[in-house]
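Observations on chain architecture
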Amino acid sequence: MKSLIKLELARALRNRKFLFFSVMYPSLLFLIIAGNADSTTKVDGTGLTLPTYMMVSMASFGALTAVLMGNSERIAKERESGWVRQLRLTSLPGRGYVLAKTASAAVVSLPSIVIVFVVAAAVKDVRLDAWQWLALTGAIWAGSLVFAALGVALGYLASGDAVRPITMIVYFGMSMLGGLWMPSTTFPDWLQNIAKWLPTHAYADLGRAIEQSSAPQAQDLAVLVASFVLFAGGAAWLYRKDTLKA
Amino acid sequence: MAVMTTTSAQASTTGKTAATPAVRFDQVSKAYGEVRAVDGLTLALHPGETVALLGPNGAGKSTTLDLLLGLKQADSGTVSVFGTSPREAIVAGRVGAMLQSGGLMDEVTVAELVRLACALHPRPYRAADVLARAGLAQIADRKVNKLSGGQVQRVRFALATAGDSDLIVLDEPTTGMDVSARQSFWATMREQADAGRTVLFATHYLEEADAVADRVLVLHRGRLLADGTAAEIKAKAGARRISFDLADEIAGTDEAALRDLPFLTSLDVSGHTVRIQSSDADATVHALYGLGLYPRNLEVAGLGLEQAFVAITAAEEAKQK
């Protein structure tokens, strides 16, 4: 299993397009959105400056990209090509494939989080306490597991040509409505009411709670836990269905 | 060649019947909706045998192999591999398999993929040896998605032989290979068989079954139609080809007499030449002389397995109607 993780990782690091979108793109987007913002004006109702606010959004977005895109499309493709079947003829345990995919995605998502932090601190003077940096990294990294599970579920749900559009819709929809690209406080009320139930919204909110040195909101935690249970359960169910069918 | 392998097969089957079979199917059925892909299949493969699984498209070959490898679950009946479940046998490293539908991980090199297969095998060989044996040493650094069809087959073969497995299962292994690649592939495969492994392969290339297998299983509509050596399968099809020339142009009365020859299964007359298929060539030829004819250039030859196979399948279909 370790050998499969290693090979998955080597492959991910070799794929420049994937690396650009998951590792560099969030930082670039951060610079575009927060680049001209001054570092004193606060985003409505948060007490955070725009760069500080967007730093968490973009770090979350980067982690989301790495784990969601890394899992869904590859799993769908490899299911179709028969690689998943071939692996079932080895001693690798059934879940090993999914775990290896998720582990290698998690390794790629970590630099995408850290690079956003470094850029934000260096270019936009975002300053936090040491415990906050560590807690942020840990929370965003751990939270990305929710979306890794979603990626696995999508990979087993859709196949072939369908997986990319479905993943894109979920990816952009969740990013935008969850307020990763622009503060959801700018949304009309009815949209805010929908947005606050999205796992992406809860995900970024969790990071901002750390920035505000406040306790995470119970609703955010509940949404994240419920989403994880839903996605992981769905992934497990779809995986088993696929195994019996193959 | 076929005769040689026949003798060794009989030796190994008679000598090892007491041992646990490498593969056992007991009344195994598998249906997809209305279609019974495998229908009450019962068979046993003995350690050391090289067995060909022969059948037309839709005969149930791939489903049989999927059941054998635990990729599909039987609706009824039991499948065991070395006395355990297929999955247990695979986890123990006793089975190496090459599937027609087995894709490869792309964007990695041949060597990386083979190293992975070795790492995943409980009783691995050295990756360098596996690459060399599969004839991949020269293209070890090439990306898997940049290979030709024949090269991909060799990579699949390398994955199936990454470790010291006791049973090797191959689903149409030489698809996409040219003639020389096919020959070198079977030479490699014979080394595997000579090392005492049980080899089971499904094939469309019927001459391969004839040349390589100790034993041939003919599958038709999910049932076992015939089980024997290639020679026995041919005999079972009743098939010998007799051809000769007659001095005179063949007239209607002669043709009627020829048609009445015993054991004749088909007759083809063109000009002076007569071609006959017979299920008992000796009796047919004897009766031919009895007609008072003087056949010249008489030839009696066995049918190729392909024709034998067509004959068995046709006979089975006729029986069902």
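Counting starts from 1 at the beginning of each chain's written sequence and moves along it residue by residue. For naming, the first written chain is A and the first written ligand is 1, with later ones following in the order written. The model is predicted, so local features are restricted to residues of pLDDT at least 70 and side-chain atom pairs to those at 80 or more, both for listing and for counting; the totals for chains, interfaces and linings are taken over all residues.

Under the scheme used here, helices are H or I runs from DSSP no shorter than 4 residues and strands are E runs no shorter than 2 residues, and both carry numbers assigned from the N terminus. The secondary structure content of chain B amounts to 12 helices and 13 strands. For chain B, the spread of C-alpha atoms along the principal axes amounts to about 75 × 45 × 40 Å. By residue count, 42% of the 321 residues in chain B fall in the buried class. Residues are scored as being in contact if the C-beta atoms we place from backbone atoms lie within 7 Å. Within chain B, residue pairs in contact and separated by at least 24 positions form 70% of the contacts whose partners lie at least 6 positions apart. Labels follow a simple rule on C-beta atoms placed from the backbone: if 20 or more others lie within 10 Å of a residue's own, it is buried; if 12 or fewer, it is exposed; otherwise it is partly exposed.

Okay, the sheet that holds strand β6 (residues 167-171) of chain B next. All names here are of chain B. Ordered in space as β5-β6-β7-β3-β8-β9, the six strands form an open sheet in which the pairing is mixed. Where the open sheet ends on each side, the last strands, each with one partner, are β5 (95-98) and β9 (223-228). Averaged over all pairs of adjacent strands, the angle between their axes in this sheet comes to 15°, without regard to strand direction. One requirement defines pairing of two strands: DSSP has to find at least two bridges between them. Across five bridges, β6 lies against strand β7 (residues 198-203) in parallel orientation. By the bridge assignment, L167 is partnered in β7 with T198. Whenever a helix is involved, its axis is fitted only over the stretch in contact; in every case the axis is a line through C-alpha atoms, and angles between N-to-C directions fall within 0 to 180 degrees.

All names here are of chain B. Scored from 0 to 100, pLDDT records how confident the predictor is in each individual residue. Here chain B averages 85 in pLDDT, while 91% of its residues score no lower than 70. Note on residues 1-17: pLDDT under 50 across the span, and 23 contacts to partners over four residues away in sequence or across chains. With pTM at 0.79, the complex prediction returns an ipTM value of 0.84.

All names here are of chain A. Relative to each other, helix α3 (residues 50-81) and helix α9 (residues 199-211) sit at 135°, their axes nearing to 9 Å. Viewed along their axes, α3 and α9 adopt a mutual orientation that is oblique. Here the hand of the crossing between α3 and α9 comes out right-handed. Of the residues in α9, those touching α3 at T52, Y53, V56, S57, A59, S60 and L64 are T200, Y203, A204, G207, R208 and E211. Three classes are used, and their members are as follows: Ala, Val, Leu, Ile, Met, Phe, Trp, Tyr, Cys and Pro are nonpolar, Asp, Glu, Lys and Arg are charged, and the others, Gly among them, are polar. Among the residues making up the contact of α3 with α9, the classes are represented as six nonpolar, five polar and two charged. When an angle is under 35 degrees it counts as roughly parallel; over 145 it counts as roughly antiparallel; between 65 and 115 it counts as roughly perpendicular; any other value is oblique. Handedness of a crossing follows from how the near helix is turned relative to the far one, being left-handed for an anticlockwise turn of less than a right angle and right-handed for a clockwise one.

Facing the 23 residues of chain B at the interface are 19 residues of chain A. Of all elements in the fold, only α3 (86-91) and α4 (110-120) of chain B reach the threshold of two or more residues within the side of chain B that touches chain A. At five residues, the largest contribution of residues to the side of chain B that touches chain A is made by α4 of chain B.

Residue and element names in this part refer to chain A. Its place among the elements puts T243 in helix α10 (residues 218-245). Exposure remark for T243: the 16 C-beta atoms within 10 Å place this residue in the partly exposed category. In this structure, the C-alpha to C-alpha distance between T243 and V114, residues 129 residues apart in sequence, is 37 Å.

In this section: the packing of α3 of chain A against helix α7 (residues 163-177) of chain A. Residues and elements named next belong to chain A. At a closest axis distance of 10 Å, the pairing of α3 and α7 adopts a crossing angle of 165°. By the angle between their directions, the pair α3 and α7 is classed as roughly antiparallel. Seen from above, α3 lies across α7 with right-handed handedness. Packed against α3, whose contacting residues are F61, L64, L68, M69, S72, E73 and A76, the element α7 presents V163, R164, T167, Y171 and S175 at the interface. Per-class residue counts for the contact of α3 with α7 are seven nonpolar, three polar and two charged.

All names here are of chain B. Taken across its six residues, β7 has six buried, putting it largely inside the fold. Burial of β7 is two-sided: the residues T198, L200 and A202 facing one way and the residues V199, F201 and T203 facing the other way are all buried. In terms of strand pairing, strand β3 (residues 50-54) meets β7 through five bridges, oriented parallel. If you follow V51 over to β7, its bridge partner there is L200. Handedness of the crossover is the feature at issue here: the chain leaves β6, passes through helix α7 (residues 179-194), returns alongside β7, and the resulting connection is right-handed. Handedness rule for crossovers: strands pointing away from the viewer, path from the first strand over the helix to the second running clockwise, crossover right-handed.

Right, let's get into helix α1 (residues 2-14) of chain A. The span you would expect from a helix comes to 1.5 Å times its residue count less one. Spanning 13 residues, α1 of chain A covers 18 Å between terminal C-alpha atoms, matching the ideal 18 Å at 1.5 Å per step. Of the positions making up α1 of chain A, those classed as buried are L4, L7, E8 and A12 of chain A. The buried residues of α1 of chain A occupy an angular sector of 135° when the element is viewed end-on, so they sit on one face. Among the exposed residues of α1 of chain A, those oriented more than 90 degrees off its buried face are K2 and R14 of chain A. At its buried positions, α1 of chain A is contacted by α2 (16-34), α3 and α5 (96-124) of chain A together with α4 of chain B. By definition, the arc is the one covered by directions from the helix axis to the C-beta atoms.

With that out of the way, let us pick up the sheet that holds strand β10 (residues 240-245) of chain B. All names here are of chain B. Overall, antiparallel pairing links the four strands, which are arranged β11-β12-β10-β13 in an open sheet. Two strands close off the open sheet at either side, each with one partner strand: β11 (264-270) and β13 (296-302). Averaged over all neighbouring strand pairs, the angle between strand axes comes to 15°, with direction disregarded. Across the sheet, helix α11 (residues 281-290) touches β10, β11, β12 (273-278) and β13, and the angle it forms with β10 is around 25°.

Residue and element names in this part refer to chain B. Here strand β1 (residues 23-32) pairs with strand β2 (residues 35-45) via seven bridges, running antiparallel. Note on β2: the bridge partner recorded for V23 is L45. Counted between consecutive antiparallel strands, the loop separating β1 from β2 contains two residues, among which G33 sits at a positive phi close to 60°.

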